[in-house]
Every structure is written in structure tokens, then in C-alpha cells.
Amino acid sequence: MKKEYFKDLFNRYHKKVFLFVQYYIESQDDAADVVQEVFIHLWRYVHKLYGVSNPEAIIFKTSKQEIANFYRKQKVQFTSLDSAYELTEIEERFDESAYQIKVDKLNLLLSALPERRKIMVLDSVVDELSYSEIAHKFKISKTAVAKQINKAMTFLRANF
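Residues numbered from 1 in each chain as written. Predicted model: local features only at pLDDT ≥ 70, side-chain atom pairs only at ≥ 80, totals over all residues. Heavy atoms only, no water.

- Per an unreviewed UniProt entry, the protein chain carries the name RNA polymerase sigma-70 factor and comes from Sphingobacterium ginsenosidimutans.
- Per its UniProt entry, the protein chain bears the Sequence similarities (unreviewed entry) comment "Belongs to the sigma-70 factor family. ECF subfamily." (UniProt positions renumbered as here; feature names shortened; annotations may be inferred.)

Written as C-alpha cells, this is what we have:
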């Protein structure tokens, strides 16, 4: 089972990881070595990946770490602010993509909620309205608002 799961991950992500790594490491041979290190690392921890809803985020975080390890091993000295800025930019781009994946998933889950419940959650969380204000807006009791928001949050936690 572990072997098949890893094989599936490898087949699905090898090309993407290689292109990602090659963007930051010019040499194809060096990029291939780094990709190999990424998948060796993933193989060691495949039991922790099994059942994870979004393995892609972990795979690309591992890729970023292995790119950094490659540069440490090469003892590359960043002699200009531009080079240091590029490494920071790599980290920011990765963090933004992982963040965007989470935002997209949350939006998808919110869209699955009944419209009225979704509005109550957004009123509470985004607009920071109290349960009393939401109850007044919908002309229902505070207890009903609490139950609706609790159901929504339970659904979101279970599926996020």
C-alpha cells in the first residue's frame, strides 16, 4: 500500500517538482539531484503523507527545503542584495501559493454551505458582528444563530 501510494505521488508530482526546482537551479543535473533528494525525503516520511488531504503543499515545501540545502552544500555566498532578494522571493512565492490553495479550499467549502448559514458565518467572522446583531438582522434568536454558526464551523473543520 505504501509503495503504491508513493508511486502515485511520484508519477503525479515528479515533473512539477522538477520544473519548480529547475526554475531555481540552472543546471539540469543539479536540479535532477535535488529532485531525487526531495523524493528520497518523501519516501522516508511517506507514512506521514498517507491520508493527508493536500500532499502537494508538503511536497513543494520539501522541494524548497532541498533547494536551500543544495545551496548550503555548494556554499554559495550571496554577494549581492539581488541574490538574497531572489531567495526571499522564492519563499514568498511558495508561501503565497500555499496560502492561495487554502483560500480556494475555504471558498469552496463556504460555497457548499446553505446560503443563509454562510452569510451568518461571514457576518460573524469577517464583519465581526455579534450573535445579537446577526439575530436581529435575520429576525431569529441568538440561540438559533449560535446553532447555525456551530454547524457551519463543525462542517468547515471536518473538511478543511
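A look at the packing of aromatic side chains
- Counted according to the given criterion, the structure contains seven aromatic pairs.
- Aromatic pair Tyr 23 and Tyr 24: ring centres 4.7 Å apart, planes at 85 degrees, arrangement edge-to-face.
- Using a relative accessible area of 57% as the deciding quantity, one classes Tyr 23 as exposed.
- Judged by its relative accessible area of 13%, Tyr 24 is buried.
- Where Phe 70 meets Tyr 71, the ring centres are 5.3 Å apart and the plane angle is 75 degrees; that geometry is what we call edge-to-face.
- In textbook terms, an aromatic cluster arises when at least three aromatic residues are bridged by ring pairs, as seen for Phe 6, Phe 10, Phe 39 and Trp 43. (Phe/Tyr/Trp six-rings, centres within 6.5 Å; stacked < 30°, edge-to-face > 60°. Buried < 20%, exposed > 50% of the residue type's maximum accessible area, 1.4 Å probe, protein only.)

Concerning the pattern of salt bridges
- Applying the stated rule across the entire model yields four salt bridges.
- Across the salt bridge formed by Asp 8 and Arg 12, the nearest N and O atoms sit 3.0 Å from each other. Linking Asp 8 with Arg 12, this pair stays in helix α1 (residues 2-24), spanning four residues, or about one helical turn.
- Given a relative accessible area of 33%, Asp 8 falls into the partly exposed group.
- Note that Glu 115 is salt-bridged to Lys 118, the shortest N-O span being 3.5 Å. With Glu 115 and Lys 118 both in helix α6 (residues 115-125) and three residues apart, the pair spans about one turn of that helix.
- Given a relative accessible area of 49%, Glu 115 falls into the partly exposed group. (Salt bridge = Lys/Arg side-chain N within 4 Å of Asp/Glu carboxyl O. Helix = DSSP H or I, 4+ residues; strand = E, 2+ residues; numbered from the N terminus.)

Some points on the packing of α6 against helix α8 (residues 142-159)
- Here α6 crosses α8 at 95 degrees, and the two axes come no closer than 9 Å. With respect to each other, α6 and α8 are oriented roughly perpendicular. Across the interface between the two elements, Arg 117, Met 120, Val 121 and Ser 124 of α6 pack against Val 145, Gln 148, Ile 149, Lys 151, Ala 152 and Met 153 of α8.
- Taken together, the residues that form the contact of α6 with α8 break down as six nonpolar, two polar and two charged. (Axes fitted to C-alpha atoms, helices over the stretch in contact; angles between N-to-C directions. Parallel < 35°, antiparallel > 145°, perpendicular 65-115°, else oblique. Contact = heavy atoms within 4.5 Å. Nonpolar A, V, L, I, M, F, W, Y, C, P; charged D, E, K, R; others polar.)

Examining the nonpolar core
- Core analysis: the biggest nonpolar cluster contains 22 residues, and Tyr 13, Val 17, Val 21, Val 34, Phe 39, Leu 42 and Ile 67 have the highest contact counts within it.
- Here the element with the most residues in this core is α1; it accounts for nine residues.
- Those residues in contact with Val 17 that sit more than four places away from it in its chain are Val 35, Val 38, Phe 39, Ile 59, Phe 60 and Ser 63.
- The next biggest cluster of nonpolar side chains, apart from the first, holds twelve residues, and it includes Leu 110, Ala 135, Ile 149 and Leu 156. (Core = buried A, V, L, I, M, F, W, Y, C linked by side-chain atoms within 4.5 Å.)

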